[in-house]
Each structure stands twice: as structure tokens, then as C-alpha cells.
Amino acid sequence: MAKLQKATLSAQQIKKLEKQGIKLTSLADIIKLQGGPELGFLSLEYLLCSNVMLLSTIYQIHGKEKSGKSTILMDWLGRYFIDVGGQAVLIDTENKVSTSLLQKVIGENAHELDLQRTTIQERAQSIMTEYLKSIRKDTFDKKKAVMLGMGLDSYNVTSESTSDNIDKTGHSQKQFSTEANLWSSYLPTVVDKLTGAPISLFVINHTREKQNAGSFTGPVEEARGGRALKYFQTYQFKVSGIGSVHDKSKEINNLCIKSDYNSYGPAGRKIYPRIIFKQDGQDENVILVDWEYADIQLLTGPDFPRAQAQKLGICDVKESSTKGLFNDKILGLNNVPFSEIKAALYNDKERLKQLRDLLGIVEYRTMDDLLDDNWFFNGGTCSKDDEDESDD
């Protein structure tokens, strides 16, 4: 059986499933009990090795300051939670997120995101706990499955004791891992509340350069904040800027997102989206995270197994001589916008499955699939008639 995420199912959930006659003997069995909102972009599916944004999961997004981490977080909270009827909360510990910025990234539904601000670690943890308890209560007591995307921006937050010491002394002092110890004791309780619940936690973390003693290779980058987050995370992504375009008509930052750690698939995968702040034809009040651009880079780039895709008759996407258009002989498309290439792939379920298999993308259940089966994230497929059944 494949190695699974640490907090996939609790012992109580497994016991209940076995009482229902469901035996968990393979990864395929686990897949039936997991799901989330559809990603809708092949590049993100490739990065996550999943067709959905898995719930009950911790995602760490790290990188240098001003690399685009916060914009990606806001985009995901809007796109995969608010825009599909879920809830989202963003805990801003750096006092940098404005309502106007949220409006530009998320759009007209930005007002539905709950923006909480605090610079104190214990307060941030209290906000997280209240949301986790509230969603779990609605999910398990009321049988009302509402997805929650929770963002913490950032993990590098000051503890109350550190803040008090600064007030007393007038300056900061080395705290000998005070904040790291607080996270170490708190995160296991978060994992327990995430288990089986329709919640995803996204944590922004800053990297720093660290010189290894005796090393001749120079400084190395490391994510800050102790080992607890690294231990409990399911995914860890590194966001890096790889160039930009700034002129009178364009303001675009090109990014590389690398999967440093993935509990469900191979690490080391890279995709190349961009953040468009300004370009001809784009509303000046919109900041666009361009995942379609990442899709294009994947399907036309060197990481795509083109020879195998051609042999299997899946696709063969190439840029046309006409700028902005594409050809694919296998799909029978010539000089078309990429949206038509994407539609041809996603509308043909068998072809899409072959493509996902080729790229190592696992097909989990979508949120609609789970809700259609009256699955209320209690570890199994329970019908509404079973709502009052005792867990023993």
C-alpha cells in the first residue's frame, strides 16, 4: 500500500468504515474518501499530482519576500473556495493585505473573504482554532458541508512573550525558539481538527539564507519557523521570481513554483505561471494570476513527455507561427487560441484520463461528487438517514 499522508484518516474513522464493511486495503480505497474543488488547470494538477485542491490538507508556500506568495494565496482562496460557494479567511500577521488588493486579485466576491489582522502568534492561533471548530461543528453536527480555505500570512509571527519583553526592554532579544515551540505544540491540534473535514490550510513562510558551517558552496535557503510545519505539511511549494516585464503597456512578473515536498507524488516538479499587474486590454483594477500561461509552458515545454503523448494519440500542442495561437495535429486544431486546445482536452474524458495518467496525476473525487453522495466528511459515505447514528 502506498505511503499516505500522516493525518489522512483517524483510528475512529477507520473503525467506523470497517463496521460499515469498508476495508481500506489500497490507495484506490483512500482516494474514494478524499476530494476537493477541481483545479481546472493542467499545470496545477501536474504540480500537485492531483485533479483537485485536496481538503483536510496543509499547504506551505515559501519563498523570498515579494516573490508572489501572498498573491498566489489570495488567488487560491478566491478561486477554489469563495467562487465555488465555500468560505475563506485570511489571517494577516504582517499588516500588508488591503481590501483594495483583495478586490484586485479575487474580484467582485472579495468581500466574502474574512480578513483578520494580528501580529501576535497566540491570537493568530485562536482565530484558526475558532474557524476550525466552527466548520467542524457545521459539518458533523448539522451535516452542512461548507468548504473552508484558511490562509496564514505569514507563519513568521511574534509570540506574546516576545512582544512583552520588547515592551519592557525597548528592544528585541533572542528567544531560543519560543515561537517555534508554540507552533510545535499547536499544529498537532490543527491536524486533528483538519482530519476528515472540508478544510484546507495554506501557510505562507519566508525563506532566509543560511551559511552552513564548513560548506564551500555558499549560503543555502531554508524555510523559517522550526520543524513542526515541515513535519505536518502535505505539500511544500517554493515560489521564485524568474524575471519581469515593465514598460508603459505591461507590468508582468514571471514565476517558477517548485514542489519541494509532496506526500502524494514526486517532488521537484516545476510550473511557470505569471502575475499580470497591467497589460493592454486588462482592467486596471485587476491583478491576474495567469495559470493558463503555466499550462502552455507545460504542454509546449521540455518537461512534457511529448513522444509518449504522440504515441498514445493524446495530444501534440505546438505554438503556431501566428503569435498567440496554437496547433495540434492529433486534436485536429490549427491556429486556435489555447482555450480551444484546453477545451478539447478537458471535454474528452478518456483523453484527459490518459493525459493525467501520463503526467502522474491522480483523479480524486470532486466536491460535487462528494456532495452528490451525501458524504459529510466524517470518514465515510453516510446518507442523511444515518445522521443520528452513534460513532461508538
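### Description of the sheet that holds strand β15 (residues 333–336)
Turning to step 1, where the next piece is worked out: An order of β13-β14-β15 is seen for the three strands of this open sheet, with the pairing classed as antiparallel. Of all the strands in the sheet, just β13 (318–319) and β15 have a single pairing partner and so form its edges.
Turning to step 2, where the next piece is worked out: Lying over the sheet, helix α12 (residues 338–347) contacts β14 (326–328) and β15, oriented at roughly 145 degrees with respect to β15.

### Remarks on the packing of aromatic side chains
Turning to step 1, where the next piece is worked out: Under the definition given, this model contains 13 aromatic pairs.
Turning to step 2, where the next piece is worked out: Judged by centre distance (5.9 Å) and plane angle (75 degrees), the ring pair of F81 and F202 falls under edge-to-face. In this pair, F81 sits in the loop between α4 (69–80) and β3 (87–92) while F202 sits in strand β6 (residues 199–210), placing the two residues 121 residues apart along the sequence. The same class applies to F81 as to F202, namely buried.
Turning to step 3, where the next piece is worked out: Feature note: the residues Y59, W76, F81, F202, Y235, F237, Y264, W291 and Y364 constitute an aromatic cluster, connected by ring pairs.

### Looking at a negative patch on the surface
Turning to step 1, where the next piece is worked out: A cluster of acidic side chains, namely E38, D368, D369 and D372, defines a negative patch on the protein surface.
Turning to step 2, where the next piece is worked out: With respect to the helices and strands, the residue D369 is situated in helix α14 (residues 367–372).
Turning to step 3, where the next piece is worked out: A relative accessible area of 35% places D369 in the partly exposed class.

### With respect to the environment of I287
Turning to step 1, where the next piece is worked out: Along the chain, the position of I287 falls in the loop between β11 (274–278) and β12 (288–290).
Turning to step 2, where the next piece is worked out: Discounting residues that sit within four places of it in the chain, I287 has contacts with T71, L101, K104, V105, I275, I276, F277 and Q282.

### Structural notes on the packing of α4 against helix α5 (residues 99–106)
Turning to step 1, where the next piece is worked out: Orientation of α4 relative to α5, taken along the N-to-C sense of each, is 65 degrees, at an axis distance of 9 Å. Classified by chirality, the crossing of α5 by α4 is right-handed. Contacts between α4 and α5 involve T71, M74, D75 and G78 from the former and L101, L102, V105 and I106 from the latter.
Turning to step 2, where the next piece is worked out: For the contact of α4 with α5, the per-class residue count stands at five nonpolar, two polar and one charged.

### Regarding α12
Turning to step 1, where the next piece is worked out: Of all the positions in α12, only F338, I341, L345 and Y346 are classed as buried. Angular distribution of buried residues about the axis of α12 spans 120 degrees; they occupy a single face of the element.

Rules used in this analysis
- Residues numbered from 1 in each chain as written.
- Predicted model: local features only at pLDDT ≥ 70, side-chain atom pairs only at ≥ 80, totals over all residues.
- Heavy atoms only, no water.
- Pairing = 2+ DSSP bridges.
- Helix = DSSP H or I, 4+ residues; strand = E, 2+ residues; numbered from the N terminus.
- Contact = heavy atoms within 4.5 Å.
- Axes fitted to C-alpha atoms, helices over the stretch in contact; angles between N-to-C directions.
- Phe/Tyr/Trp six-rings, centres within 6.5 Å; stacked < 30°, edge-to-face > 60°.
- Buried < 20%, exposed > 50% of the residue type's maximum accessible area, 1.4 Å probe, protein only.
- Patch = residues over 30% accessible without salt bridge, like charges linked within 9 Å, V, L, I, M, F, W, Y side chains within 5 Å.
- Areas by Shrake-Rupley, 256 points an atom, 1.4 Å probe, with all protein chains shown as cover.
- Salt bridge = Lys/Arg side-chain N within 4 Å of Asp/Glu carboxyl O.
- Lys, Arg positive; Asp, Glu negative; His and termini not counted.
- Charge placed at Lys NZ, Arg CZ, Asp CG, Glu CD.
- Left-handed = near helix turned anticlockwise from the far one by under 90°.
- Nonpolar A, V, L, I, M, F, W, Y, C, P; charged D, E, K, R; others polar.
- Arc of directions from axis to C-beta.

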